[in-house]
Amino acid sequence: SGINAEYEAVVSTQSTGATTHCALRECFQLGPVLSGAHKILKKFKRHKCGHENAALDAAACFTAMVGAGNPEHYIIATQDSELRKQLRDIPGIPIMYLSACTLFLESPSYKSRDQAEESFLKQDLLTDYEKETIKKMKGNQEEKTAFNRKRKRPKGPNPLSCKKKKSEDGAKKKKKKKKPTESCSGENNEALVKPVDSVQIDAVK
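For every chain, the first residue of the written sequence is number 1, and numbering continues from 1 along that sequence. Owing to the predicted nature of the model, reporting of local features is limited to residues with pLDDT of at least 70; listing and counting of side-chain atom pairs is limited to 80 or more, with chain, interface and lining totals taken over all residues. Side-chain figures throughout are based on the complete set of non-hydrogen atoms in the structure, without hydrogens or water.

(A) Highlighting the packing of aromatic side chains. By convention, a stacked pair of Phe, Tyr or Trp rings (six-membered ring in the case of Trp) has centres within 6.5 Å and planes under 30 degrees apart, an edge-to-face pair has planes over 60 apart, and any other such pair is tilted. By the definition in use, this model includes one aromatic pair. Centroid distance Tyr97 to Phe104: 5.8 Å. Interplanar angle 20°. Geometry classified as stacked. Look at Tyr97 and you get partly exposed, because its relative accessible area is 25%. Cation over ring: Arg84 sits above Tyr97, and NZ or CZ is 4.8 Å from the ring centre. Burial here depends on accessible area, computed with a 1.4 Å probe over protein chains only, as a share of the maximum for the residue type. Under 20% is buried, over 50% is exposed, and the range in between is partly exposed. Throughout this description, the term charge over a ring refers to an Arg CZ or Lys NZ atom that lies within 6 Å of the ring centre and within 35 degrees of the ring normal.

Here you go:
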């Protein structure tokens, strides 16, 4: 059919379109509103979702199938905008929808991009030859460093930083203070003049 051709053109990979018992049951219960969608779904292969005995609504069925990280690599095609919004929060789920009779594949969500980047960084992309080459380069660099390394000798003190020690004798020496010169004037004259004997005074007379 036309939708199958569009699906193969958009996906461009080996995959098989399928629906679930839960989705068929929901479309049938909603009656004439989704009668066209029910006819289209009946053309697809029915995938075993595990809810055959206790059917869920289509949104709950698809969410349970993809799980936490979509380990089965399902591509979900739905016209339910709320379901598409919910699936964008789960990394690794491609989402498709119809608009103006044309099938569109959404760009990867931010969660899917972050997961893809982390997976890429964790991958070991180097070949054995590249790994061996890097190992040899590291070994040569270590040998060169060891060869150029000189034996360090204990360095003497920097002559510019050395200060001459002050002699202890010079530090201890104090300047001698000069004694004040005794004058013959003033109050000190009384102490310096010797008393004259009265006998000597009579002799002088």
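(B) Geometry of the nonpolar core. By nonpolar core is meant a set of buried Ala, Val, Leu, Ile, Met, Phe, Trp, Tyr and Cys residues that side-chain atoms within 4.5 Å join together. Within the largest apolar cluster, 15 residues are counted, with the highest numbers of intra-cluster contacts made by Cys61, Phe62, Val66, Ile76, Leu87 and Ile93. Each helix corresponds to a stretch of at least 4 residues labelled H or I by DSSP, and each strand to a stretch of at least 2 residues labelled E; elements are numbered beginning at the N terminus. Looking at this core, the elements that each hand over two or more residues are helix H2 (21-29), helix H4 (58-66) and helix H5 (81-88). By residue number, the principal contributor to this core is H4, which donates six residues.

(C) Fine view of the state of the cysteines. Here, the term disulfide refers to a pair of cysteine sulfur atoms separated by no more than 2.5 Å. Within this structure, the stated rule accounts for zero disulfides. Just so you know, Cys49 is unpaired, no disulfide at all, and the nearest cysteine sulfur is the one on Cys61, 3.8 Å from it. Cys49 gets classed as buried once you look at its relative accessible area, which sits at 13%.

(D) A look at a nonpolar patch on the surface. Patch rule: a residue counts if its relative accessible area is over 30% and it has no salt bridge; like charges are joined within 9 Å, and nonpolar side chains (Val, Leu, Ile, Met, Phe, Trp, Tyr) within 5 Å. For the area figures, the Shrake-Rupley method with a 1.4 Å probe applies, and any residue is considered shielded solely by the protein chains shown. Basic side-chain nitrogens of Lys or Arg form a salt bridge, by our definition, when they fall within 4 Å of a carboxyl oxygen of Asp or Glu. Taken together, the side chains of Phe120, Leu121 and Leu125 present a nonpolar region at the surface, about 350 Å² in accessible area. Inspection of the secondary structure puts Phe120 in helix H6 (residues 110-122).

(E) How the structure looks around the packing of H4 against H5. Note on method: axes are straight lines fitted to C-alpha atoms, helices fitted across the in-contact stretch only, with angles between N-to-C directions ranging 0 to 180 degrees. As a packed pair, H4 and H5 sit with axes 10 Å apart at the nearest point and diverge in direction by 20°. One finds that H4 runs roughly parallel with respect to H5. The way H4 lies across H5 gives a crossing that is right-handed. Where H4 approaches H5, its residues Ala59, Phe62, Thr63 and Val66 are matched on the opposing element by Leu83, Gln86 and Leu87. When its residues are assigned to classes, the contact of H4 with H5 shows five nonpolar, two polar and no charged. Angles are sorted into four bins: roughly parallel if under 35 degrees, roughly antiparallel if over 145, roughly perpendicular if 65 to 115, and oblique for all others. Each helix crossing is assigned a hand: it is left-handed if the near helix lies turned anticlockwise from the far helix by less than a right angle, otherwise right-handed if that turn is clockwise. Whether two residues are in contact is decided by their heavy atoms: any pair within 4.5 Å suffices. Under this grouping Gly is polar, as are all residues other than the nonpolar Ala, Val, Leu, Ile, Met, Phe, Trp, Tyr, Cys and Pro and the charged Asp, Glu, Lys and Arg.

(F) Molecular detail of the sheet that holds strand S3 (residues 76-77). When DSSP locates at least two bridges between a pair of strands, those strands are taken to pair. Taken together, the three strands give an open sheet; going across it, the order is S3-S4-S5, and neighbouring strands pair in mixed fashion. Only two strands of the sheet have a single partner each, and these edge strands are S3 and strand S5 (102-105). Bridge analysis of S3 against strand S4 (residues 95-99) gives two bridges, and the strand direction is parallel. Bridging across to S4, Ala77 finds its partner in Met96.

(G) Fine view of the pairing of S5. Two strands pair when backbone bridges link them, and S4 and S5 are joined in this way by four bridges, in the antiparallel orientation. Counted as the bridge partner of Met96 is Leu105 from S5. The hairpin turn running from S4 into S5, its antiparallel successor, is two residues long, and Ala100 in that turn takes a positive phi close to 55°.

(H) Representation of H2. Three or more residues of H2 are buried, namely Cys22, Ala23, Leu24 and Cys27. The positive-phi residue at the C-terminal boundary of H2 is Gly31, with phi of around 75°.

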